[in-house]
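The primary structure of each chain is shown beneath.
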Amino acid sequence: MIGNATFRHRNTALLSVISVQAPRIVSSTEFDHRLASTLRRLKFPPKLLERVAGVTHRRWWAPGTSFDDAAIEAGAKALADSGIEASEVGLLINTSVTRRNLEPSVAVKVHHGLGLPSSAMNFDVANACLGFVNGMTLAANMIDSGQIKYAVIVNGEDAQATQEATLDRLQRPETTREDFNREFATLTLGSGAAAAVLGPADEHPGAHRILGGVMRAGTEHHELCVGGIDGMATDTKGLLDGGLQLVLDAWHEAQPEWDWGSMDRYVTHQVSTAYTQAIVDAIDLDPDKVPITFPHWGNVGPASLPMTLAAEAQNLNEGDRVLCMGVGSGLNTAMVEIVW
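Residues numbered from 1 in each chain as written. Predicted model: local features only at pLDDT ≥ 70, side-chain atom pairs only at ≥ 80, totals over all residues. Heavy atoms only, no water.

In the nomenclature of an unreviewed UniProt entry, the chain corresponds to 3-oxoacyl-ACP synthase III from the organism Pseudarthrobacter scleromae.

Pasting the structure below:
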């Protein structure tokens, strides 16, 4: 394929990756109770979210905590863990889907909250659930080029307002099975935050080397999942089929240059049981090497993958090969290899 479908980084390492879990645990049983009359009227089976998506819980922020506050917390913890001072950071990228305003960027509040210098560039990168991986790749390119030395990538997501609006809408007496199915994926979302610090590998020999990977776009599917503050409409089957094919195309495209058949860990974007099983089956992955977090966190958007990586980090050994596999509605996919 002509172009930049595959890429390699020369001198970038992951110095730290941190997750921040929202404190309020909201069970799928609670959603079932709120939707009980609708579920009975539409003749849906009990425990639908658990049975179909595998999501038993998701998390919401405590009252008074905003998604960008959580992104600041994650960024501060990632900097502390990396040992890098805020004054050394040359780039901040916020990758949150959640936002309060069209402008200014979410990044400006995070930049200020972290006490980053005026010389540190800051902006948002929005690409649905793939945003964090895109942010890491962009930062790595800038580190490789010598334009910056250290970068902080942050993400904070808040699903509560969208889910509250969806629950209210689905309780209406005119709600149909088609309405419910179209908005079902919204109920699988969760709140959380993550951050990572990247820097030059040659100055941090003990850090985790980011080698590169592959990206592919399937933008003919751009209408399969469309979300806003008040809700998200999803063609679940179309999204699964289109996303799976895109991942397979990317996987096979990468094989002449990358050998990913025997990685030590495959850290995927966290969606549902069906999505995860489809990826495992299609690529013939060892399920024991695919860590799962969606049952208790839900789909935390772009934060899902780095939160899962942060949770799995304690089980990784030096030299382990980790493949980060992300998909975002639109559709876009990326796979990036990190050597632990």
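So much for the structure itself; the text now carries on.
## Let's talk about the pairing of strand 2 (residues 12-21)
Side-chain direction in a regular strand flips from residue to residue, so the side chains alternate between the two faces of the sheet. Here strand 2 lies mainly inside the structure; eight of its 10 residues are buried. Summarising the sheet, strand 2 and strand 8 (residues 192-200) pair through nine bridges and their orientation is antiparallel. By the bridge assignment for strand 8, S16 is matched with V197. (Buried < 20%, exposed > 50% of the residue type's maximum accessible area, 1.4 Å probe, protein only. Helix = DSSP H or I, 4+ residues; strand = E, 2+ residues; numbered from the N terminus. Pairing = 2+ DSSP bridges.)

## Re the UniProt feature "domain: Beta-ketoacyl-[acyl-carrier-protein] synthase III N-terminal" (unreviewed entry) in the chain
In the numbering adopted here, UniProt assigns the feature "domain: Beta-ketoacyl-[acyl-carrier-protein] synthase III N-terminal" (unreviewed entry) to residues 123-205. Spanning residues 123-205, this segment combines 40% helix with 23% strand, and its end C-alpha atoms are found 29 Å apart. (UniProt positions renumbered as here; feature names shortened; annotations may be inferred.)

## Here's the deal with the side chain of Q270
As for its placement among the helices and strands, Q270 is situated in the loop between strand 12 (265-268) and helix 10 (273-283). Judged by relative accessible area, Q270 falls into the buried class, the value being 0%. Separated by 3.0 Å, the side chain of Q270 and the backbone oxygen of T268 make a polar contact. Side-chain polar atoms of Q270 contact the backbone nitrogen of F294, separated by 3.2 Å. (Polar contact = N/O pair within 3.5 Å; in protein donor to acceptor, adjacent residues only side chain to side chain.)

## Considerations on helix 7 (residues 160-170)
Every buried residue of helix 7 is listed here: T162, Q163, A165, T166, L167 and L170. Against the buried residues of helix 7 lie helix 1 (28-34), helix 2 (36-41), strand 4 (57-60), helix 8 (177-183), strand 10 (225-228) and strand 11 (231-234). (Contact = heavy atoms within 4.5 Å.)

## Things to note about the pattern of salt bridges
Evaluated as defined, the whole model comprises 15 salt bridges. The salt bridge partner of E312 is R265, with a shortest N-O separation of 2.7 Å. Taken together, the positions of E312 in helix 12 (residues 304-312) and R265 in strand 12 put the pair 47 residues apart, joining distant regions of the chain. For R265, a relative accessible area of 12% gives the class buried. Because the salt bridges share partners, they merge into one network encompassing D68, D69, R100 and K109. (Salt bridge = Lys/Arg side-chain N within 4 Å of Asp/Glu carboxyl O.)

## Examining the UniProt feature "domain: Beta-ketoacyl-[acyl-carrier-protein] synthase III C-terminal" (unreviewed entry) in the chain
Look at the UniProt record and you will see "domain: Beta-ketoacyl-[acyl-carrier-protein] synthase III C-terminal" (unreviewed entry) annotated at residues 257-336. Helix and strand shares over residues 257-336 are 30% and 21% respectively, and the end C-alpha atoms of the span are 13 Å apart.

## Thoughts on the nonpolar core
Core analysis: the biggest nonpolar cluster contains 36 residues, and L14, M136, L198, L309, I338 and W340 have the highest contact counts within it. Listed by contribution, the elements that provide at least two residues to this core are strand 2, strand 5 (89-94), helix 6 (131-145), strand 7 (150-157), strand 8, helix 12, strand 13 (321-328) and strand 14 (332-339). Looking at this core element by element, the count peaks at seven residues for helix 6. Among residues more than four places away in sequence, those in contact with M136 are L14, I153, L198, I210 and I338. Counting residues in hydrophobic clusters, the runner-up holds 31 residues, among them W61, A70, A107 and A201. (Core = buried A, V, L, I, M, F, W, Y, C linked by side-chain atoms within 4.5 Å.)

## Considerations on the environment of T219
One can find T219 in the loop between strand 9 (208-217) and strand 10. Each C-alpha atom of the pair T219 and G330 lies 5.5 Å from the other, and the pair is 111 residues apart in sequence. Once residues lying within four places of it in the same chain are set aside, the contact partners of T219 are G330 and L331.

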